[in-house]
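Examination of the molecular architecture
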Amino acid sequence: MQLHISPSLRHVTVVTGKGLREFIKVKVGSRRFTYQMMFYSLLFFTFLLRFVFVLSTVDTIDGDPSPCSSLACLGKRLKPKLLGRRVESGNVPEAMYQVLEQPLSEQELKGRSDIPQTLKDFMSEVKRSKSDAREFAQKLKEMVTLMEQRTRTAKIQEYLYRHVASSSIPKQLHCLALKLANEHSINAAARLQLPEAELVPTLVDNNYFHYVLASDNILAASVVAKSLVQNSLRPHKVVLHIITDRKTYFPMQAWFSLHPLSPAIIEVKALHHFDWLSKGKVPVLEAMEKDQRVRSQFRGGSSAIVANNNENPVVVAAKLQALSPKYNSLMNHIRIHLPELFPSLNKVVFLDDDIVIQTDLSPLWDIDMDGKVNGAVETCRGEDKFVMSKKFKSYLNFSNPIIAKNFNPEECAWAYGMNVFDLAAWRRTNISSTYYHWLDENLKSDLSLWQLGTLPPGLIAFHGHVQTIDPFWHMLGLGYQETTSFSDAESAAVVHFNGRAKPWLDIAFPHLRPLWAKYLDSSDRFITSCHIRAS
């Protein structure tokens, strides 16, 4: 390639290697060019030609079969290079996107053995077949889609197994209930009145610290009671009211008759012992019957939930959890009737049976409730973004206009499990009737306002009646979060094993179970005979 510039600088001639000529015509004004201007012009063209030479050489090295022999051709090729991409390569990403965006059904992959199973296999096949962009994208899409299908199936199976494990009664707990029921029938010491006659007046004395535990799980109730009394600075002032169902009453009475926690006062009472609950229509029982009928028709059982191939695994897990018997358990709903169950008491602390108490709880009675009814820990603030990020939108369906009209999705949620209830303030409100009104609304809407649990209607019923307490008093998520550190949990006042991984199940997290298991007596004859592990 040669460059010729005319003396007048009016045109430039480029002679290529093949002898062809191209002209660059330069228009100039009438004024004369100075030598300085001519020098800068030559300098500019020199750099321009060197740049053109480098790019054209790279083009030749790239293996282009048709090298340019004219400036017009060279310009066409250099333009996309200067803009950051080549024309012929510009369609490659678009072609890949077109392939990747095309839907790929599960049936198209079924039974195929030519899909790479690993990234290593994929790269080996691509190198061997020298695939173009479309083939590359197609193989990649098939491999990723297959992996997604397998991951989803495995995740759903895991959720199903956990659902079965958490919903079933472990044989150890069944064994314990049977042995205690038998002991109740043959041993008078297992049929003691709880509490003793002279201590009955303390059950309605507001100078004591009153705790309420509703449970049909004897082992869980024993741990809650033992941890409460052992960590109390004034155990002689502790009154624990245990509410259970008819079938569990005799075994529960036998356990606490044979395992007294003196000087604390323990009362064991079955639901049918409460006059208020055994007379006339009881809203909680009616709601449970309706809820059970709707769920049986609406859900279709766990097999129908798992068979839905289009559902997100997280949604599948939530629906399976909604089938858990605990969500239709009377023990779970009974807290809404505390003012009626304990008409003489002014304040109680309500405890779930999947908690462990690790410190003295008497300071809870000194909390200023500011006229509010429910003292609870908020669950929208904290380092744990899984458990402590719950707002109303986490529990209520704000796509439903009834919910959207009445509540704020960004409002902070709170937790059941360890709650301070001011029963005197509660009796001045319509909380219980509001609770059942919204339960009925949810049933009428085929469970479209929320899908599971007693917390969503609780959030609604106690709306405006919640006093926030320090998170130290209640640490949640030990049945959800395997990443919860033992040291963090150990420093909390109350740890809550909410979630599927209950501490009495084999699926419990091993590093967290000791927090619960240390309150089991491994030498106890009922514990050993039923093969209940204390570690």
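Residues numbered from 1 in each chain as written. Predicted model: local features only at pLDDT ≥ 70, side-chain atom pairs only at ≥ 80, totals over all residues. Heavy atoms only, no water.

The chain goes by Hexosyltransferase in an unreviewed UniProt entry, where it is assigned to Microthlaspi erraticum. Per its UniProt entry, the chain bears the Subcellular location (unreviewed entry) comment "Golgi apparatus membrane". Per UniProt, the chain carries the Sequence similarities (unreviewed entry) text "Belongs to the glycosyltransferase 8 family." (UniProt positions renumbered as here; feature names shortened; annotations may be inferred.)

The helix and strand inventory of the chain stands at 23 helices and 12 strands. Burial status across the chain gives 46% buried among its 535 residues. The long-range fraction of contacts in the chain, counting pairs at least 24 apart against all pairs at least 6 apart in sequence, stands at 71%. Split by element, the accessible area of the chain, about 28,600 Å² in all, is 55% carbon and sulfur. (Helix = DSSP H or I, 4+ residues; strand = E, 2+ residues; numbered from the N terminus. Buried < 20%, exposed > 50% of the residue type's maximum accessible area, 1.4 Å probe, protein only. Contact = heavy atoms within 4.5 Å. Areas by Shrake-Rupley, 256 points an atom, 1.4 Å probe, with all protein chains shown as cover.)

All right, on to the sheet that holds strand 4 (residues 209–214) then. Taking strand neighbours across the sheet as the criterion, the 7 strands line up as 6-5-4-7-10-9-11 in an open arrangement whose pairing is mixed. In the strand order of this sheet, the two ends are held by strand 6 (265–270) and strand 11 (466–468), each with one partner. Taken pair by pair, the neighbouring strands of this sheet meet at an average axis angle of 25°, ignoring direction. The pairing of strand 4 with strand 7 (residues 347–351) spans 3 bridges and is parallel. Each bridged residue has a counterpart across the sheet, and for Tyr211 the counterpart in strand 7 is Val349. Strand contacts of helix 9 (residues 246–258): strand 5 (238–244) and strand 6, with the helix running at about 160° to strand 6, the strand carrying the most contacts. (Pairing = 2+ DSSP bridges. Axes fitted to C-alpha atoms, helices over the stretch in contact; angles between N-to-C directions.)

In this structure, Leu176, Tyr211, Leu219, Phe256 and Trp516 are the most contacted members of the largest nonpolar core, which totals 71 residues. Of all the elements, helix 8 (residues 218–230) adds the most residues to this core, at 9 residues. Beyond its immediate stretch of four places on either side in the chain, Phe256 contacts Leu194, Ala221, Ser222, Ala225, Ile242, Leu261, Ile266 and Val268. By size, the runner-up hydrophobic cluster in this structure holds 42 residues, among which are Ile334, Val348, Phe350 and Ala425. (Core = buried A, V, L, I, M, F, W, Y, C linked by side-chain atoms within 4.5 Å.)

Scanning the model with the defined rule gives 9 salt bridges in all. In this structure, Glu378 and Arg381 form a salt bridge, with 2.2 Å as the shortest nitrogen-oxygen distance. The exposure class of Arg381 is exposed, given its relative accessible area of 54%. Residues participating in the shared-partner salt-bridge network are Lys391, Lys393 and Glu410. (Salt bridge = Lys/Arg side-chain N within 4 Å of Asp/Glu carboxyl O.)

With that out of the way, let us pick up the packing of aromatic side chains. When we look at a pair of aromatic rings, we describe it by the centre distance and by the angle of the planes. Per the counting criterion, the structure on display carries 14 aromatic pairs. Both rings, one in Phe274 and one in Phe342, keep their centres 6.3 Å apart while their planes meet at 80°; by these two values the pair is edge-to-face. Here Phe274 is found in the loop between strand 6 and helix 10 (275–278), whereas its partner Phe342 is found in the loop between helix 15 (338–341) and strand 7, with 68 residues between them in sequence. For the pair Phe274 and Phe342, one class covers both residues: buried. Ring geometry for Trp414 against Phe462: centres 5.8 Å apart, planes inclined by 85°, an arrangement best described as edge-to-face. With Trp414 in the loop between helix 17 (401–406) and strand 10 (418–422) and Phe462 in the loop between helix 20 (455–461) and strand 11, this residue pair connects regions lying 48 residues apart in the sequence. Side by side, Trp414 and Phe462 carry an identical accessibility label, which is buried. The rings of Trp414, Tyr416, Phe421, Trp426 and Phe462 are connected pair by pair, giving a single aromatic cluster. Above the face of the Tyr208 ring, Lys237 is positioned so that its terminal group lies 4.5 Å from the ring centre. When the ring centre of Phe274 is taken as origin, the NZ or CZ atom of Lys269, which lies over that ring, is 4.5 Å away. (Phe/Tyr/Trp six-rings, centres within 6.5 Å; stacked < 30°, edge-to-face > 60°. Lys NZ or Arg CZ within 6 Å of the ring centre and 35° of its normal.)

Before going further, it helps to spend a moment on the state of the cysteines. In total, this model carries 2 disulfides according to the counting rule given. In this model, Cys175 is linked to Cys530 through a disulfide, with the two sulfur atoms separated by 2.1 Å. For the disulfide bridge between Cys175 and Cys530, the dihedral angle about the S-S bond is near -80°, and by the sign convention the bridge is left-handed. Here Cys530 lies in the segment after helix 23 (525–529) and Cys175 lies in helix 7 (residues 171–186), a separation of 355 residues in the sequence. We note that Cys175, like Cys530, is buried. Each disulfide pairs two cysteine sulfurs, and for Cys380 the partner residue is Cys412, the sulfurs being separated by 1.9 Å. Given an S-S torsion of about -110°, the disulfide between Cys380 and Cys412 has left-handed geometry. Of this pair, Cys380 sits in the loop between strand 9 (374–376) and helix 16 (392–395) while Cys412 is found in the loop between helix 17 and strand 10, placing the two residues 32 residues apart along the sequence. Of the two residues, Cys380 and Cys412, both sit in the buried class. (Disulfide = S-S within 2.5 Å.)

Counting buried residues in strand 5 gives 7 out of 7 residues, a clear majority hidden from the surface. Relative to strand 5, strand 4 runs parallel, the two sharing 6 bridges. Residue pairing in the sheet places Tyr211 in a bridge with Leu240 of strand 5. Crossover handedness for the path strand 4 to helix 8 to strand 5: right-handed. Inspection of the sheet shows strand 5 paired to strand 6 by 6 bridges, in the parallel sense. Considered in strand 6, the bridge of His241 is made with Glu267. A crossover links strand 5 with its parallel partner strand 6, the connecting element being helix 9, and its sense is right-handed. (Right-handed = clockwise from strand over helix to strand, strands pointing away.)

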